[in-house]
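Each chain, letter by letter, is given below.
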Amino acid sequence: MVKQFSIKSHIYSGTNALQILKQYAGLRIGIVTDNFMVSSGLINRITEQLSQCKVAIFKDVKPDPSIEILQQGAQFFCDFKPEMIIAFGGGSALDAAKGILATLISMGTAEEIALVAIPTTSGSGSEVTSYAIISDPTNNIKYPLVSDDLLADIAILDSSLVMSVPKNVSMDTGMDVMTHAIEALVSINANDFSDALAEKSLRMVYEYLPQVLDDLSNQLAREKVHNASCMAGMAFNSAGLGLVHGMAHALGALLHIAHGKINAMLLPIIIQFNSLDDALITDRYAHCSRIIGLQHHDHTVLVQLLIHEIQCMNKMMGIPASLKELGANIELLQQNLPQIITAVLNDSCTKTNPKPVNHSDIRALIQQIIG
Ligand SMILES: NC(=O)c1ccc[n+]([C@@H]2O[C@H](COP(=O)([O-])OP(=O)(O)OC[C@H]3O[C@@H](n4cnc5c(N)ncnc54)[C@H](O)[C@@H]3O)[C@@H](O)[C@H]2O)c1
Ligand SMILES: [Fe+2]
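Computed from a predicted model, the values in this text were never measured in an experiment.

The number of helices and strands found in the protein chain is 15 helices and eight strands. Its C-alpha atoms give the protein chain a radius of gyration of 20 Å, within 12% of the compact-globule value 21 Å for 371 residues. Counting only C-alpha atoms, the protein chain reaches 60 × 45 × 40 Å along its principal axes. Within the span of the protein chain, comprising 371 residues, buried residues form 51% of the whole.

And the structure:
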């Protein structure tokens with residue numbers, strides 16, 4: 001099987017990393033962000049570097065960006081004709097910017113527009129991935145757009161931008177990082193290059209996310225989780241993800257659950273399902289266990305220890321174990337079960353799951369997550 005690992009994005013990190021934006025003096029720059037970034041003043045950290053540029057700001061991104069937002073954003077920038085788009089915010093703003101850029105190019109507004117991605121949450125890894133997750137609210141689905149055209153030219157990691165992320169968002173997004181790292185490590189497309197990044201990312205998020213939980217103002221811990229998020233993004237951009245993400249996209253879109261939270265809830269259930277009666281998959285998860293320092297000579301026990309550890313982390317972070325515990329609309333889910341199962345089977349993340357899945361597997365897993 002041919003596997004691919006490529007890196008396109010230049011990654012700048014550290015406290016003064018935003019200064020590199022100064023080199024784009026004279027350009028027409030479109031910023032895609034959300035209202036919070038503007039009202040909180042965080043946007044000034046970007047615009048103060050762009051005093052020599054023509055700047056237009058589209059600030060209407062909402063969590064889990066929809067097709068409609070992509071069209072609104074493209075209309076907004078149509079006459080402005082940006083030479084560069086700066087994506088500034090959480091995964092939602094980053095993905096919206098990628099979708100807007102793709103729409104602008106398809107409209108013929110420009111042949112090429114440079115993309116700079118500046119994440120303000122530590123979760124999606126979207127700053128270095130060729131994915132943009134778009135919502136279709138009419139059909140209650142979320143689908144990944146996947147194209148190398150969606151890769152940012154430049155990613156800037158400045159952890160001071162994430163200091164204001166509230167506790168629940170920090171924990172949900174942090175568990176998204178953990179899920180990216182684990183799913184990349186067990187994916188059918190995992191390779192030595194993606195493993196190197198996923199292993200380091202898993203070790204860092206496991207060590208530092210609880211420290212962020214203890215003290216949201218711990219700058220070192222914030223920085224480590226921010227870097228781990230980007231590394232996990234690089235890993236899964238090559239290796240792909242798995243069934244946790246396939247199910248999270250479908251369930252999250254229907255029930256409006258934060259992406260990282262639904263991933264964290266599904267992760268222990270899917271590890272159990274994938275590893276059952278499969279020695280090779282069990283070995284891969286046992287490897288994940290060892291990365292975070294768990295020890296046992298028997299790989300099956302190591303997988304159980306990993307599951308238990310994730311359940312404990314979820315509990316510590318206030319992430320519920322089931323949809324019932326979360327208070328999700330179970331009736332709505334039951335009514336839409338056939339569509340949800342189809343969406344999971346068609347999701348591109350499901351295709352790189354280490355174990356093939358069928359209709360009845362997904363039905364049973366959904367019953368399990370309902371609780
Ligand atoms: N493209 C990819 O590779 C990829 C991977 C995983 C997830 N995703 C997508 O990313 C989205 C989730 O992204 P997310 O988890 O970063 O959440 P988000 O972007 O939806 O942000 C969550 C909330 O946090 C707020 N926020 C962001 N930065 C903040 C800051 N610095 N201080 C205070 N508040 C802040 C936002 O305003 C928003 O209300 C989902 O749509 C998911 O499907 C994409
Ligand atoms: Fe994710």
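Having put the structure on the table, let's press on.
It is worth spelling out the site of ligand 1 at this point. Residues in close proximity to ligand 1 total 29 residues, the closest being Gly90, Gly91, Ser92, Ser126 and Ile133. With four residues, the top contributor of residues to the shell around ligand 1 is helix α4 (residues 91-106). A per-class count over the shell around ligand 1 returns ten nonpolar, 15 polar and four charged. A domain-level breakdown of the shell around ligand 1 finds at least three residues from each of domain 1 (10-162) and domain 2 (167-370).

The next thing to look at is unusual backbone geometry. Phi at Asp64 takes a positive value of approximately 55°, unusual for a residue other than glycine. Mapped onto the secondary structure, Asp64 falls in the loop between β3 (54-61) and α3 (67-78). Of note in the backbone geometry, Asp277 takes a positive phi value of approximately 55° without being a glycine. Relative to the helices and strands, Asp277 is located in the loop between α9 (259-275) and α10 (279-291).

For the protein chain, the assigned domains read domain 1 (10-162) and domain 2 (167-370). Contacts between domain 1 and domain 2 engage 24 residues on the former and 30 residues on the latter. Every element with two or more residues in the side of domain 1 that touches domain 2 is listed here: β1 (10-13), β6 (131-136), β7 (141-146) and β8 (154-157). Per element, the largest residue contribution to the side of domain 1 that touches domain 2 is four residues, and it comes from β7. Looking at the side of domain 1 that touches domain 2 residue by residue, the class counts come to nine nonpolar, 13 polar and two charged.

For helix α7 (residues 219-239), with 21 residues, the first-to-last C-alpha span of 30 Å sits near the 30 Å given by 1.5 Å per residue. Within α7, 19 of the 21 residues are buried, which leaves the element mostly enclosed by the surrounding structure. Backbone geometry just after α7 places Gly240 at a positive phi near 85°.

A separate point is the sheet that holds β8. The strand order across the open sheet formed by six strands is β1-β8-β5-β4-β2-β3, and the pairing between neighbours is parallel. The open sheet terminates on both sides in strands that have one partner only, identified here as β1 and β3. Sheet twist, expressed as the average angle between the axes of neighbouring strands with direction ignored, equals 20°. As judged from the four bridges shared by β1 and β8, these two strands associate in the parallel manner. Note on β8: the bridge partner recorded for Ser13 is Leu157. α3 contacts β2 (28-34) and β3 of the sheet and is inclined by roughly 160° relative to β3.

What counts, and at which threshold
- Residues numbered from 1 in each chain as written.
- Chains lettered and ligands numbered in written order.
- Predicted model: local features only at pLDDT ≥ 70, side-chain atom pairs only at ≥ 80, totals over all residues.
- Helix = DSSP H or I, 4+ residues; strand = E, 2+ residues; numbered from the N terminus.
- Rg over C-alpha atoms; globule rule 2.2 N^0.38 Å.
- Buried ≥ 20, exposed ≤ 12 C-beta atoms within 10 Å, placed from the backbone.
- Near = placed C-beta within 6 Å.
- Nonpolar A, V, L, I, M, F, W, Y, C, P; charged D, E, K, R; others polar.
- Domains from an automatic or database assignment.
- Contact = placed C-beta atoms within 7 Å.
- Expected span 1.5 Å × (residues − 1).
- Pairing = 2+ DSSP bridges.
- Axes fitted to C-alpha atoms, helices over the stretch in contact; angles between N-to-C directions.

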